[in-house]
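Take a look at the letters that make up each chain.
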Amino acid sequence: MTDRRTLLGLAAALALLPLPALAQEVVLKLHQFLPAEANVPAQILDVWADNVERDSDGRIKVDRYPSMQLGGTPPQLMDQAIDGVADVVWTVVGYTPGRFPRTEVFELPFMVSDAEAASAAFWQMFESDMQEEFADVHLLGTWVHGQGLIHADREVRVPDDLRGVKVRGPSRTVNRMLETLGAVPVGMPVPAVPEALSRGVIDAATLPWEVTGSLKVPELVEHHTEFEGPMLYTLTFVLAMNKARYEGLPDDLKAVIDANSGLEFSVFAGRTQAAADAPARQAAVDAGNTVVTLSGPEAQVWRNAAQPVHEAWVAEMEAAGINGQALIDRARGLMDGYGG
């Protein structure tokens, strides 16, 4: 018969043996500003999170917090990643004006023609030109949305139609463009747009098509102005991770994060977000709204009117010791040479 002393000895010996690792070793909090059902969370962020969980054999779990559920405001997301309030954040770079100046090259008016090519160029330029700006976080992806356009309570065909109109702008570069075109820019994060439109705080908003459905914009305004060819503007996005959190992962889990980050993921994100434009545009058409599509000489009038924004940005970058024209040239070269 085994006595109590023997059992205690066996228990002590077993306690010294290494236990099998728990299936779930790491929980990452992913924080962002849109509802969970919006296109970017559902079609991009969830895909990233699901792939990380799968590729880690369940050792990483990504808890998703939409609509700023961890608190704060969208402009605070980058600092939340830096401070560890969240482990991973998705945010609009321009929500923190002037903090990441080199990224603004992709937000200049009529700079981008293809979101996928621009997203690839953004990642390549992050690696070559923007490491210092993002030194406080570990970047997982960089991309831009499809064409940004004007959604208004009136028809907009020429820049003069914007004169005196209060237009929501998402970043300082876009706000500068709106002001140059004669509008009154009103900066605000995208979640604030529906209430601002419904209360008359703004008369119009600059947004890509894809987000208009979740914000119910076609129910709040009846006119939309888009451009063929180069886009009126785009915004830059990043998926960023707390640096210490990433560096503290075991090497095999770092490899999982790395395999789901970088150029390929950035291209996927830009392509996917832009692909969501067409269904949202069709929904506005089906609702009976008016869509004005400007091309040729009509679009050229806008490009000419917005050109001072480029010149002012280059001068501002030069004053800060940054060669803005070189960034424009490099971005254009990468986008033009993109092969998909």
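See the structure shown above.
Cut-offs used in this document
Residues numbered from 1 in each chain as written. Predicted model: local features only at pLDDT ≥ 70, side-chain atom pairs only at ≥ 80, totals over all residues. Heavy atoms only, no water. Axes fitted to C-alpha atoms, helices over the stretch in contact; angles between N-to-C directions. Helix = DSSP H or I, 4+ residues; strand = E, 2+ residues; numbered from the N terminus. Parallel < 35°, antiparallel > 145°, perpendicular 65-115°, else oblique. Left-handed = near helix turned anticlockwise from the far one by under 90°. Contact = heavy atoms within 4.5 Å. Nonpolar A, V, L, I, M, F, W, Y, C, P; charged D, E, K, R; others polar. Buried < 20%, exposed > 50% of the residue type's maximum accessible area, 1.4 Å probe, protein only. Polar contact = N/O pair within 3.5 Å; in protein donor to acceptor, adjacent residues only side chain to side chain. Pairing = 2+ DSSP bridges.

Peer 1: Where do I start with the packing of helix α2 (residues 39–55) against helix α11 (residues 263–275) in this structure?
Peer 2: If you want to describe how two helices pack, look at the angle between their axes and the distance between the axes. It is at 10 Å that the axes of α2 and α11 come closest, and there the two elements cross at 165°. Between α2 and α11, the angle is such that the two are roughly antiparallel. Our pair here, α2 against α11, has a crossing hand that is right-handed. For the pair α2 and α11, the contacting residues are Val40, Gln43, Ile44, Val47 and Trp48 in the first and Phe265, Phe268, Ala269, Thr272 and Gln273 in the second. A per-class count over the contact of α2 with α11 returns seven nonpolar, three polar and no charged.

Peer 1: Can you walk me through the environment of aspartate 161 in this structure?
Peer 2: By the secondary structure assignment, aspartate 161 is in the loop between β5 (148–152) and β6 (166–169). On the basis of relative accessible area, aspartate 161 is assigned to the partly exposed category, the value being 28%. Polar side-chain contacts of aspartate 161 include one of 2.8 Å to the backbone nitrogen of arginine 157.

Peer 1: In this structure, what is going on with the sheet that holds β6? I would like to understand it.
Peer 2: Backbone hydrogen bonds hold the strands of a sheet together, and the pairing may be parallel or antiparallel. Strand order in this open sheet of six strands is β7-β6-β8-β5-β9-β11, and the pairing throughout is mixed. The open sheet is flanked by β7 (184–187) and β11 (290–294), the only strands paired with a single partner. For this sheet, the mean inter-axis angle between neighbouring strands, taken without regard to orientation, is 30°. Here β5 pairs with strand β8 (residues 204–208) via five bridges, running antiparallel. Bridging across to β8, glycine 148 finds its partner in proline 208.

Peer 1: For this particular structure, what's the right way to read helix α5 (residues 172–180)?
Peer 2: In an α-helix there are 3.6 residues to a turn, and that puts residues three or four apart on one side. Every buried residue of α5 is accounted for by Thr173, Val174, Asn175, Met177 and Leu178. Looking at the buried positions of α5, the neighbouring elements they touch are β6, β7, β8 and α13 (296–319). Where α5 ends, the next residue or the one after it, glycine 182, has phi of about 100°, a positive value.

Peer 1: Please clarify how the sheet that holds strand β2 (residues 60–65) should be interpreted in this entry.
Peer 2: Taken together, the five strands give an open sheet; going across it, the order is β2-β1-β3-β10-β4, and neighbouring strands pair in mixed fashion. Of all strands in the sheet, those bounded by a partner on one side alone are β2 and β4 (137–144). The sheet shows a mean angle of 20° between the axes of neighbouring strands, direction not considered. As paired strands, strand β1 (residues 26–31) and β2 are joined by six bridges and run parallel to one another. Bridging across to β2, valine 27 finds its partner in lysine 61.

Peer 1: Just to check I follow, could you spell out unusual backbone geometry for this structure?
Peer 2: Most peptide bonds adopt trans geometry, and most residues besides glycine take a negative phi value. A positive phi angle, near 55°, is found at aspartate 57, a position not held by glycine. Within the element layout of this structure, aspartate 57 appears in the loop between α2 and β2. Given the relative accessible area of 69%, aspartate 57 is considered exposed. Despite not being glycine, phenylalanine 110 has its phi angle at roughly 60°, a positive value. Mapped onto the secondary structure, phenylalanine 110 falls in the loop between β3 (88–92) and α4 (115–129). Judged by relative accessible area, which is 10%, phenylalanine 110 ranks as buried.

Peer 1: Looking at this structure, I do not really get the packing of α5 against α13. What am I missing?
Peer 2: At a closest axis distance of 9 Å, the pairing of α5 and α13 adopts a crossing angle of 135°. If you check the angle between α5 and α13, you find them oblique. Where α5 crosses over α13, the two elements pack in a sense that is right-handed. Contacts between α5 and α13 involve Arg172, Thr173, Arg176, Met177 and Thr180 on the former and, on the latter, Ala305, Pro308, Val309, Ala312, Trp313, Glu316 and Met317.

So yeah, pure geometry; function would need other evidence.
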